[in-house]
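Spelled out from the first residue to the last, the chains are:
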Amino acid sequence: MPESLDLALIGAGGRIAGDWLAVANHADSPFRITKLVETETVARARLGALPDLDALLEGERPAAAIVATPPATHADIAVRLAEAGVHILCEKPLATTLADAEAMVHAARAAGVRLMMASKFRFVDDVAEASKRIAEGAIGQPVFYDNAFCGHVDMGTRWNSDARISGGGVLIDNGAHAIDLARFLMGEVERVLAATGPRLQPVEVEDSVRILFETCSGALGRADLSWSVDIGSTSYAAVHGSEGSIELGWKGARLRTREGWLPFGGGYDKHRAFGNQLAHFADVIRGAADPRIGDDDALASVRFVDAARRSLREGRWCRLTEVHA
Ligand SMILES: NC(=O)c1ccc[n+]([C@@H]2O[C@H](COP(=O)([O-])OP(=O)(O)OC[C@H]3O[C@@H](n4cnc5c(N)ncnc54)[C@H](O)[C@@H]3O)[C@@H](O)[C@H]2O)c1
């Protein structure tokens, strides 16, 4: 077993940080959380965390850091960490603008550190298996893709509904997951059409959105995203091809061939996906693996959101190549 790597957690008092703490502190973890950073005073006192990046970087520097702060803060934090020689696993969405995302990627490349966008669905075992089976031709040529990340979440008092902090509404929030999952299963996206549903929460951003997209190979996809509607589905994504289908369910996946449906996998397990992701991040840092999610994937997800935002404003299909920093 290689020695564990020192890890800092930025935004340590937050919701998703709780999951990262549990997973990184697990006995199987390749990391050891040695430092926490939190700006909010009550959470900071409870955790014994450092107040800011200055305090983190003036001491012995960790090998890596997880950035689990609100989206508008990601770029400044990641650039400073990169310049200090710290590898970065940054929560989704990578950034609220393409210019910020490019600055982050540039800083990491210039410093020779790894910057990975956290994208848990790529690390769900069933999703990895589905991607492999699609690539092997199990469902023939993929033609249709369906995804829904919908559920009731009251965003009235959370930063998620403040576009200056979040970069927008459910499109960038749940959309960051949707887009990366779609690209992982279906390949590069060429163009996108987005529309909002009726706004059901007293917020200034969209709380329900439907996105249609076309991939470079001509396949057609749809993603429904909502903080205000629970569609009650047992599955979150499906790919339909010329020879069959793959459906990714919360409790298990299944493959449909001419013989009928065959179940596989164990469903969605958030902490297992986070654990897989951390193990992969450690392998990448140690040079033992190529990143399963690279700079191009991270930038493409930001481009996709930008193109979808433009589509919402202009009411037309928008190509991802129209988006420039
Ligand atoms: N992967 C997932 O499934 C998932 C789920 C939820 C949230 N997220 C992402 O995780 C990030 C955090 O979301 P959250 O819901 O946990 O938010 P949160 O508000 O619960 O937590 C963020 C924490 O960061 C702290 N903070 C803010 N600015 C800081 C700074 N400059 N330095 C240090 N700490 C700072 C806040 O005080 C807060 O404790 C977002 O990017 C979000 O999109 C990912």
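Structure's up top.
All values derive from a computational prediction rather than experimental measurement.

(A) Structural detail: helix H8 (residues 170–186). Along H8, the largest kink reaches about 45° and is centred on alanine 176. Of all 17 residues in H8, 17 are buried, a share of seventy percent or more.

(B) Summary view of the sheet that holds strand E2 (residues 31–37). Pairing in this open sheet of five strands is parallel, and the strands run E2-E1-E3-E4-E5 from one edge to the other. Looking at the sheet topology across the chains shown, the edges are occupied by E2 and strand E5 (115–117). Geometrically, the sheet is characterised by an average inter-axis angle of 20° between neighbouring strands, direction not taken into account. Sheet topology places strand E3 (residues 64–67) next to strand E4 (residues 87–90); four bridges connect them, and they run parallel. Each residue of the ladder has a partner; that of alanine 65, found in E4, is isoleucine 88. Strands in contact with helix H9 (residues 270–285) are strand E1 (5–10), E2, E3, E4 and E5; relative to E4, the strand with the most contacts, it is inclined by about 155°.

(C) Summary view of the site of the ligand. Within the structure, the ligand sits among 22 residues, and Ile16, Glu38, Lys92, Lys120 and Trp159 are positioned closest to it. Within the side chain of threonine 39, a nitrogen or oxygen atom sits 3.4 Å from a nitrogen atom of the ligand. A distance of 3.2 Å separates a nitrogen atom of the ligand from a polar atom in the side chain of glutamate 91. Protein contacts shield 83% of the accessible area of the ligand, which totals 850 Å² for the unbound molecule. Counting residues per element, the ones that place at least two in the shell around the ligand are helix H1 (15–24) and helix H4 (74–83). Broken down by class, the residue content of the shell around the ligand amounts to nine nonpolar, seven polar and six charged. Each of domain 1 (5–118) and domain 2 (122–274 + 301–322) gives at least three residues to the shell around the ligand.

(D) Fine view of unusual backbone geometry. The residue after lysine 92, namely proline 93, is reached through a cis peptide bond having omega -15°. Relative to the elements of secondary structure, proline 93 occurs in the loop between E4 and helix H5 (98–111).

(E) Inspection of the packing of aromatic side chains at higher detail. Counting across every chain of the model gives eleven aromatic pairs. With a centroid separation of 6.4 Å and an interplanar angle of 50°, the aromatic rings of phenylalanine 149 and tryptophan 250 are classed as tilted. Of the two residues, phenylalanine 149 sits in strand E6 (residues 142–150) while tryptophan 250 sits in the loop between strand E11 (244–249) and strand E12 (253–257), which places them 101 residues apart along the sequence. Phenylalanine 149 gets classed as buried once you look at its relative accessible area, which sits at 7%. Taking NZ or CZ as reference, arginine 133 lies 4.3 Å from the ring centre of phenylalanine 264, over its face.

What counts as what
- Residues numbered from 1 in each chain as written.
- Predicted model: local features only at pLDDT ≥ 70, side-chain atom pairs only at ≥ 80, totals over all residues.
- Heavy atoms only, no water.
- Bend = angle between axes of the 7 residues up to and from the residue.
- Helix = DSSP H or I, 4+ residues; strand = E, 2+ residues; numbered from the N terminus.
- Buried < 20%, exposed > 50% of the residue type's maximum accessible area, 1.4 Å probe, protein only.
- Pairing = 2+ DSSP bridges.
- Axes fitted to C-alpha atoms, helices over the stretch in contact; angles between N-to-C directions.
- Contact = heavy atoms within 4.5 Å.
- Near = heavy atom within 4 Å.
- Polar contact = N/O pair within 3.5 Å; in protein donor to acceptor, adjacent residues only side chain to side chain.
- Areas by Shrake-Rupley, 256 points an atom, 1.4 Å probe, with all protein chains shown as cover.
- Nonpolar A, V, L, I, M, F, W, Y, C, P; charged D, E, K, R; others polar.
- Domains from an automatic or database assignment.
- Phe/Tyr/Trp six-rings, centres within 6.5 Å; stacked < 30°, edge-to-face > 60°.
- Lys NZ or Arg CZ within 6 Å of the ring centre and 35° of its normal.

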